[in-house]
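Secondary and tertiary structure notes
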Amino acid sequence: MSQPAADQPVLRWKPNSLFSSKDLKSAAASAQSTTLKEALDAVDKRKAKNVVMVTRVPSGWVTYEYVGSSACKVNFKELLLGGLPLGGDPLAPQTYIVDGKARFARIVHDGHRYRLDEVPRPTEEPTGPWVVEAIVPVEEINHGKNLTWLPKITLRPSPDELPAALKWVNQNMPAGTKVKAGGSKHSWSRVAVSDGVYIEPDRMKLSHTIDEEPNVYRNDLGERRGNLFRCGSGNTIKEMNRYLWEHGKSFPILGGFDGQTLGGVFPTGTHGSIFTRGPLAEMIVSIDLVLADGQLVRIEPADGVTDSKALATARSDLRLIQDDDHYHSALINMGTMGAVQSYMLEVTDAFHLKEVRTASNITELKEKLQGGKIYKLVGVQGKPADLEKIPPKISDGKDGGFKDQPLDAYHLEFLINPHSDKVVVTSRHPTTVTATVEAEFDFSPPGRDLVRTIHRGASFGRPALPTWFEENFGGLLSWGIDQITKLTPFLTPSLIDSSMDTLIDDAYIDRSFNVFNVGDGTNQLPALAASIYVPVASDAYLTGLDLVRSAAANFVKSRHRYETGPASMRFVKGTAATLGCGVDVCSFEFIFTGSTTYALEMVEAYEAALKEGLGAKEVRVHWGQLVGEGVRRREGYPEYEKWRQVRDELDPKAAFINEWQEKIL
Ligand SMILES: Cc1cc2nc3c(=O)[nH]c(=O)nc-3n(C[C@H](O)[C@H](O)[C@H](O)COP(=O)(O)OP(=O)(O)OC[C@H]3O[C@@H](n4cnc5c(N)ncnc54)[C@H](O)[C@@H]3O)c2cc1C
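Being a predicted model, the structure only gives us computed values, none of them experimental. (Residues numbered from 1 in each chain as written. Predicted model: local features only at pLDDT ≥ 70, side-chain atom pairs only at ≥ 80, totals over all residues. Heavy atoms only, no water.)

We now examine the pairing of strand β26 (residues 411-416). With 6 of its 6 residues buried, β26 lies for the most part within the structure. Where β26 meets strand β27 (residues 422-431), 6 bridges bridge the pair, whose relative direction is antiparallel. Counted as the bridge partner of leucine 415 is valine 424 from β27. In sequence, β26 turns back onto β27 through a hairpin of 5 residues. Relative to strand β30 (residues 567-572), β26 is paired through 3 bridges, and the arrangement is antiparallel. (Buried < 20%, exposed > 50% of the residue type's maximum accessible area, 1.4 Å probe, protein only. Helix = DSSP H or I, 4+ residues; strand = E, 2+ residues; numbered from the N terminus. Pairing = 2+ DSSP bridges.)

Rendered as structure tokens:
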């Protein structure tokens, strides 16, 4: 036995049907051994009542000891298997348990499921190789709790192990097995669902500056070079924000949440509201993608950052595809082409933002936006770090802008209540801060800690009490909203109006990523959401606004039910990503509390009204949010056939496209 091993798996014990399960406590530092025999010798030294798990790892075996129970010795038949490691082989697991009665049991796969079988003390070392890190599958539940799925096999590879993992799937699983790589499960659509093989993101972590990468990149990248980072698909946005800030960098654009993984956030077209930019996926300059047969390909535009000759010499395991059609098809692909190992992202110098939230109404909104005037109010050009030094002109409300808001903002969005006239205008614009102020900032938006939030001063936090209440009593808050919307639905619009009033704030200044983030409390409230994209050209989105409001009114008339949250209007530049919106769009995001049973029905009503009023081809949806059922959506994407060709070429056996995706595309 040598060094302690980290990350002890949770071993859950459910003594009988009367007791709920409990996690057995760790009894000792876990330990590594080179052979199974050595590991079993170590097991013999455990305390008598304790339970031990011995599992194979790439470098040998790890032994984990758990505190047993003297009163009622732990029986292996009472242990819950979900999440336990499979010792490198999902079909012939190499994991043993020694229970409180000193019996040996081994996890076995019987062709359908996993169970623990009693076995004699093993005497032989395994002869086959350690193949891939896998765990006993558990039922997966998305954040919105509207979807569950139970994979047959759950893999947890590192970036380096991913090619071998997929090769193993290809060679060992039945033909037709579906595979999905998963992110942080924050999609409400079935975009990540797989009852075949599910690849968890937890170990797919990697963060490299370009200088820490093998020297395979073009040497004429100039200033761009310092902004290029290769990042694992399992890194979360939150982890990346910290890493980039510590390297003097920031993402130039973000959505309102930081919990997604990179692998999960990009392929659904996640976006923010900086009108000079398209979806977040446009920050990708290079994708390392593992195909279903385990082959590793690097996809870049024709003028990509990799030097093909240098790559061929340094990485013979990696096939380079520098081609615009492949690149644009891969940017937003809903995980249908393979499993992303890493991305190279192009970011920008670190910057701060100032958020201002002011009240408005539908009449003012339409008046100030009609005639394409949205382009005057948002879309300032320039690097955010440069914009920090140029204070924006602030509107007096009579010059075409919204009073107290910048006239040409970096980020602009509107929050509306589809059932009332209320509007909240939110701008976010680069601003400078002193070094003393910067020293007060953190890697999360202020909120959870009320004292700290108040101490920072009003300009450096969102309204303190509502934020603190939301973050600490989020469950209670959403329960309260649910009760009101169920028992007295007619009060819902005024409830939403009141919650919108609490947002008004003349300044919140922080590191850019904290300001983009709408707050941990808001993001953790159980919610459902759908975004529908409508073109900005010819003010189609203002017609869309009328259509949305009348669809909401009709829903109330026919169903006596209301949208249980506000809706936002965000602006996204047209993108070359084939499954993104090719034209500038306004994204209407409809938000509901998590228990709104009719949310999808209402979303379908909005979509139908928008399609009828604007034409079916003009209306597109967010691939990761609630998506109306039963509608083929390829007609909104003129280059769909090209996309399909690329997808089919990369994944000819259709392993990565699930039933739902086949249906909606
Ligand atoms: C609280 C909250 C806030 C949100 N805010 C916004 C917002 O501001 N703007 C916006 O546009 N959307 C927003 N969304 C939607 C969200 O950004 C998307 O649904 C996003 O795709 C979810 O990412 P994820 O990490 O949870 O991935 P998942 O939902 O787990 O997966 C999404 C897709 O990525 C694929 N995938 C994941 N990892 C890989 C990989 N390694 N290789 C290949 N494919 C992979 C999956 O197969 C799946 O197709 C929000 C959602 C929530 C719940």
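Summed over the entire model, instances satisfying the criterion amount to 17 aromatic pairs. Consider the rings of phenylalanine 275 and phenylalanine 571, whose centres lie 5.6 Å apart with planes at 55°: the pair is tilted. Placement of phenylalanine 275 in the loop between α4 (262-265) and β20 (284-290) and of phenylalanine 571 in strand β30 is noted, with a sequence separation of 296 residues between them. Phenylalanine 571 sits in the buried class, given a relative accessible area of 0%. Put simply, the rings of Phe275, Tyr375, Phe402, Phe414, Tyr541 and Phe571 pair up and form one aromatic cluster. In this structure, lysine 368 is placed above the aromatic ring of phenylalanine 402, and the distance from its NZ or CZ to the ring centre is 5.6 Å. Lying across the ring of phenylalanine 443, arginine 511 places its NZ or CZ 4.8 Å from the centre. (Phe/Tyr/Trp six-rings, centres within 6.5 Å; stacked < 30°, edge-to-face > 60°. Lys NZ or Arg CZ within 6 Å of the ring centre and 35° of its normal.)

Within β30, 6 of the 6 residues are buried, leaving the element largely enclosed by the surrounding structure. Here β30 shows two buried faces, one formed by Ala567, Met569 and Phe571 and the other by Ser568, Arg570 and Val572. In this sheet, strand β31 (residues 585-593) lies alongside β30 in antiparallel orientation, the contact comprising 6 bridges. Of the residues in β31, the one forming a bridge with serine 568 is glutamate 589.

Here the focus is the sheet that holds strand β16 (residues 197-199). In spatial order, the strands read β11-β14-β16-β15; together these 4 strands make up an open sheet with mixed pairing. Pairing within the sheet leaves two strands with one partner each, and these edge strands are β11 (134-135) and β15 (179-181). Pairing analysis gives 2 bridges linking β11 to strand β14 (residues 153-155), with the strands arranged antiparallel. Within β14, the residue paired with alanine 134 across the bridge is leucine 155.

A word on the side chain of serine 250. One can find serine 250 in strand β19 (residues 249-250). A polar contact is formed between the side chain of serine 250 and the side chain of serine 512, at a distance of 3.2 Å. For serine 250, the residues in contact, after removing those within four places along its chain, are Leu244, Trp245, Val347, Thr348, Asp349, Ala350, Phe351 and Ser512. (Polar contact = N/O pair within 3.5 Å; in protein donor to acceptor, adjacent residues only side chain to side chain. Contact = heavy atoms within 4.5 Å.)

So, about the domain arrangement of the protein chain. We note that the domain assignment places domain 1 (4-134) and domain 2 (351-524) within the protein chain. For domain 1 and domain 2, the distance between their C-alpha centres works out to 50 Å. (Domains from an automatic or database assignment.)

The next subject is the UniProt feature "domain: FAD-binding PCMH-type" (unreviewed entry) in the protein chain. Sites flagged by UniProt as "domain: FAD-binding PCMH-type" (unreviewed entry) map to residues 142-350. Taken end to end, residues 142-350 is 19% helix and 23% strand, and its two terminal C-alpha atoms sit 32 Å from one another. (UniProt positions renumbered as here; feature names shortened; annotations may be inferred.)

All right, on to the packing of helix α17 (residues 540-559) against helix α18 (residues 599-614) then. In contact at an axis separation of 9 Å, α17 and α18 are set at 135° when each is read in the N-to-C sense. Here α18 runs oblique to α17, going by the angle between their axes. Both α17 and α18 take part in a crossing whose hand is right-handed. Contacts from Ala540, Thr543, Gly544, Leu547, Val548, Ala551, Ala552, Phe555 and Arg559 of α17 reach α18 at Glu601, Met602, Ala605, Tyr606, Ala609, Leu610, Gly613 and Leu614. Residue composition of the contact of α17 with α18, by class: 12 nonpolar, 3 polar and 2 charged. (Axes fitted to C-alpha atoms, helices over the stretch in contact; angles between N-to-C directions. Parallel < 35°, antiparallel > 145°, perpendicular 65-115°, else oblique. Left-handed = near helix turned anticlockwise from the far one by under 90°. Nonpolar A, V, L, I, M, F, W, Y, C, P; charged D, E, K, R; others polar.)

To continue, consider the site of the ligand. Neighbouring the ligand are 35 residues; Ala181, His186, Ser187, Gly264 and Thr268 lie closest to it. Backbone polar atom of valine 340 to a nitrogen atom of the ligand: 2.7 Å apart, as the coordinates give it. Measuring from an oxygen atom of the ligand, one finds a side-chain N or O atom of arginine 570 at 3.0 Å. Relative to its free-state accessible area of 990 Å², the ligand is covered by the protein chains to the extent of 96%. Sorting the residues of the shell around the ligand by element identifies β15, α4 and β23 (339-346) as the ones contributing at least two each. Per-element accounting of the shell around the ligand gives the leading share, 3 residues, to α4. (Near = heavy atom within 4 Å. Areas by Shrake-Rupley, 256 points an atom, 1.4 Å probe, with all protein chains shown as cover.)

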